[in-house]
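Understanding the architecture of this molecule
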Amino acid sequence: MKRLINFVLLFIFVTTAVAQQISIIPKPAEMVVKTGNFELNNNCVLSIDSENEDIARIADFFKEYLKEVYGLTISDEGSGNKISFKIVSRLNLGKEGYLLKVDKNSIVITASEPNGLFYGMQSVKQLLPVESTNNSLAIPCVDIKDQPRFAWRGNMLDVGRHFFPVSFIKKYIDILSMYKINTFHWHLTEDQGWRIEIKKYPLLTEISHWRDETMLGHYGSGKGMDGIGYGGFYTQDQCREIVRYAAERYITVVPEIEMPGHSVAALAAYPNLGCTGGPYKVQGIWGVHNDVYCAGKEETFEFLQNILDEVIEIFPSEFIHIGGDECPKDAWKECAACQKRIKGNELKDEHELQSWFITRMDKYLTSKGRKLIGWDEILEGGLAPEAAVMSWRGTKGGIEAAKQKHHVVMSPNSHMYIDHYQSRDKDNEPLAIGGFLPVERVYSYEPVPEELSEEEAQYILGVQTNLWTEYIATTKKVEYMLLPRLQAEAEVAWTPKDLKEFSDFEKRLNVDYERLKKLEINFRDHKK
Ligand code: ACM
Ligand code: ZN
């Protein structure tokens, strides 16, 4: 009996010790922890179907990770314990699902598409102990069957307010991919800076990318302007490089070209596209600006369509984001051309003019085989026929759009705006735009609103965190604001609803922090 008790105690000890090692984020849909470990060391062999270049690339990512992070080298052939990556059709786990079997002598990842294989590989990386022992990594034996809850697992980075170099955008994409995020929404144009080269309109990258100065502190703080010029943009080649880099990590880049508001920087270079004809200035002050594209002039549409033509060539994404948010109607009310457009199209008011504007762009994108997505203001005055909605002013817009049978990405500022403070003790936090959004609150979010029927809920594509950068000028601070709220969002987006539990997430997060330190990625420890 005593031996049995000892055995049971030992068993509990071993399994809990192993359980502490397991910190996959987002939590897999199904996981069984078995006894024992696979010892990964320099004798191990990675076996792939080398004919397939996607699999070969995923295997290389894994090998590079082992080399760079742990100094381990595994080979393609030999008699050591084997790691296999396999593509098998009819697995019934969708394009992104995978099976992962870790046994004492083998690791096998199986998926029906490379996407799933990539995610299986990311899970194996998270099964590795943070530190190696005697050049060996003990990977707990597990059986995992995994696939995501939502198809759109997104994150937006605003590079308009502050610009970040290509090298950092790549690091950012690497971070997204660690947590199985599959959509990078790249907010490329703003009042404070235009960030993408457009060949037909060279002034966008001569004039519109550059502001003379930037406001200090919050609006009304009396801190004034910094007096320092600021700018930067991505060439089309660099954008292509980012698209390719992201695609290799199974991330779709969705570009955003803002219209009709948040466009003063473009107007500074092409003032004829504004209602008054300018002059306009690239803004150094955050907020919503009254100068917007004139909806009455044909040349506005010619300009925007020409830009979209170039954007479509660079970005193969199904969706193109056209902004649509925060467009004041003051200028349109005073503009003869805009008023003429309202009368000529029998529109009721400037809100219907906004809808007319978006519908025109919607038709244009549809004619090019793409889909329009915009912030929830595009519901104003009636939703364009093919448009998808990104619900940010709470969930109301998302609910309304889904009821109208339009696709929706849920990104409410109440839960997904990771530019907000991570502590109530704001004085001890780096300056942020405002608000309070701790990781627990992100984690608590349920993307399918109760108001929707089962059928309407099908229109919820998924969920997205947004990182606006008015108060984020450095890459270190980007990481600090992103993590760990990104991990929380990833679990909201991936993990079955009934498996979510914050205390369990927190245990995994604590291990993840150690991993982030090792990878030299900044984060905000939520316990501090
Ligand atoms: C937004 O935050 N203005 C979409
Ligand atoms: Zn006008």
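Residues numbered from 1 in each chain as written. Chains lettered and ligands numbered in written order. Predicted model: local features only at pLDDT ≥ 70, side-chain atom pairs only at ≥ 80, totals over all residues. Heavy atoms only, no water.

Focus: helix H16 (residues 485-494)
- Taken across its ten residues, H16 has ten buried, putting it largely inside the fold.
- Looking at H16, one finds that the buried residues are Arg-485, Leu-486, Gln-487, Ala-488, Glu-489, Ala-490, Glu-491, Val-492, Ala-493 and Trp-494. (Buried < 20%, exposed > 50% of the residue type's maximum accessible area, 1.4 Å probe, protein only. Helix = DSSP H or I, 4+ residues; strand = E, 2+ residues; numbered from the N terminus.)

Structural notes on the packing of aromatic side chains
- The full count for this structure, using the stated rule, is 29 aromatic pairs.
- Note on Phe-62 and Phe-85: the rings are 6.3 Å apart at their centroids and 55° apart in plane angle, and the pair reads as tilted. Taken as a pair, Phe-62 in helix H2 (residues 53-70) and Phe-85 in strand S3 (residues 82-87) lie far apart in primary sequence, 23 residues in all. Neither Phe-62 nor Phe-85 differs from the other in exposure class; each is buried.
- Arranged with centres 6.3 Å apart and planes meeting at 80°, the rings of Trp-186 and Phe-315 form a pair that is edge-to-face. Here Trp-186 is found in strand S8 (residues 183-187), whereas its partner Phe-315 is found in the loop between helix H7 (298-314) and strand S12 (319-323), with 129 residues between them in sequence. Phe-315 carries the same exposure label as Trp-186, and that label is buried.
- By way of ring pairs, the aromatic residues Phe-163, Phe-164, Phe-168, Tyr-172, Phe-184, Trp-186, Tyr-234 and Phe-315 are connected into one cluster. (Phe/Tyr/Trp six-rings, centres within 6.5 Å; stacked < 30°, edge-to-face > 60°.)

Some points on the coordination of the zinc ion (ligand 2)
- Taken together, the protein ligands of the zinc ion (ligand 2) are Cys-275 (SG), Cys-294 (SG), Cys-335 (SG) and Cys-338 (SG), with distances of 2.3 to 2.4 Å.
- Coordination geometry of the zinc ion (ligand 2): the four donor atoms subtend angles of 106 to 116° at the metal centre, consistent with an arrangement described as tetrahedral.
- All donors to the zinc ion (ligand 2) come from one chain, and their sequence spacing reads C-x18-C-x40-C-x2-C. With Cys-294 in the loop between helix H6 (264-269) and H7 and Cys-338 in helix H9 (residues 336-344), this pair connects stretches of sequence that are 44 residues apart.
- Among the residues examined, Cys-338 registers a relative accessible area of 0% and is labelled buried. (Donors = N, O, S within 2.8 Å, 3.2 Å for Na, K, Ca; no water. Tetrahedral: all angles 85-135°; square planar, octahedral: opposite > 155°, others 65-115°.)

With respect to the UniProt feature "active site" (unreviewed entry) in the protein chain
- Mapped onto this numbering, the UniProt entry annotates "active site" (unreviewed entry) at Glu-326.
- Counting through the fold element by element, Glu-326 comes out in the loop between S12 and helix H8 (330-334).
- Ignoring anything within four residues of it in the chain, the contact list for Glu-326 reads Gly-261, His-262, Val-288, Glu-377 and Trp-392.
- Of note is the side chain of Glu-326, whose polar atom sits 2.7 Å from the side chain of His-262. (UniProt positions renumbered as here; feature names shortened; annotations may be inferred. Contact = heavy atoms within 4.5 Å. Polar contact = N/O pair within 3.5 Å; in protein donor to acceptor, adjacent residues only side chain to side chain.)

Notes on the environment of Phe-164
- Mapped onto the fold, Phe-164 is located in the loop between strand S7 (152-158) and helix H4 (166-178).
- For Phe-164, a relative accessible area of 1% gives the class buried.
- For the pair Phe-164 and Thr-475, spaced 311 residues apart in sequence, the C-alpha to C-alpha distance is 7.1 Å.
- With near-sequence residues (within four places) excluded, Phe-164 lies in contact with Leu-157, Asp-158, Val-159, Ile-169, Tyr-234, Thr-469, Ile-472, Ala-473, Thr-474, Thr-475 and Val-478.

Comments concerning H4
- The end-to-end C-alpha separation of H4 is 19 Å, in line with the 18 Å expected for 13 residues at 1.5 Å each.
- Of all the positions in H4, only Val-166, Phe-168, Ile-169, Tyr-172, Ile-173, Ile-175, Leu-176, Ser-177 and Met-178 are classed as buried.
- Just downstream of H4 lies Lys-180, where phi reads positive at about 65°. (Expected span 1.5 Å × (residues − 1).)

Observations concerning the pairing of S3
- Taken together, the three bridges between strand S2 (residues 45-47) and S3 define a ladder with parallel strand orientation. Counterpart to Val-45 in the pairing with S3 is Lys-82. (Pairing = 2+ DSSP bridges.)

Side note on the environment of Lys-95
- If you trace the backbone, Lys-95 turns up in the loop between S3 and strand S4 (98-102).
- Since its relative accessible area comes to 51%, Lys-95 is described here as exposed.
- Each C-alpha atom, one on Lys-95 and one on Ser-177, is 16 Å from the other, the two residues being 82 residues apart in sequence.
- Aside from chain neighbours lying at most four places away, what touches Lys-95 is Glu-113, Asn-115 and Gly-116.

Quick notes on the sheet that holds S12
- If you trace the eight strands once around the closed barrel, you get S7-S8-S11-S12-S13-S14-S15-S16, paired in parallel fashion. Strand-to-strand, the axes of this sheet are offset by a mean angle of 30°, without reference to chain direction.
- The sheet contact formed by strand S13 (residues 371-375) and strand S14 (residues 388-391) spans three bridges and is parallel. Residue pairing in the sheet places Trp-375 in a bridge with Met-390 of S14.
- Here helix H10 (residues 350-367) sits on the sheet in contact with strand S11 (252-259), S12 and S13, set at roughly 150° to S13. (Axes fitted to C-alpha atoms, helices over the stretch in contact; angles between N-to-C directions.)

Notes on the sheet that holds S4
- In spatial order, the strands read S1-S6-S4-S5-S3-S2; together these six strands make up an open sheet with mixed pairing. With partners counted over all chains shown, the strands left at the sheet margins are strand S1 (30-40) and S2, one partner each. Adjacent strand axes in the sheet meet at a mean angle of 20°, parallel and antiparallel pairs treated alike.
- When S4 meets strand S5 (residues 106-111), the two strands line up antiparallel, connected through four bridges. What sits directly across from Leu-99, in S5, is Thr-110.
- Helix-sheet contacts for helix H3 (residues 114-127) involve S3, S4, S5 and strand S6 (137-146), and the interaxial angle to S4 is about 35°.

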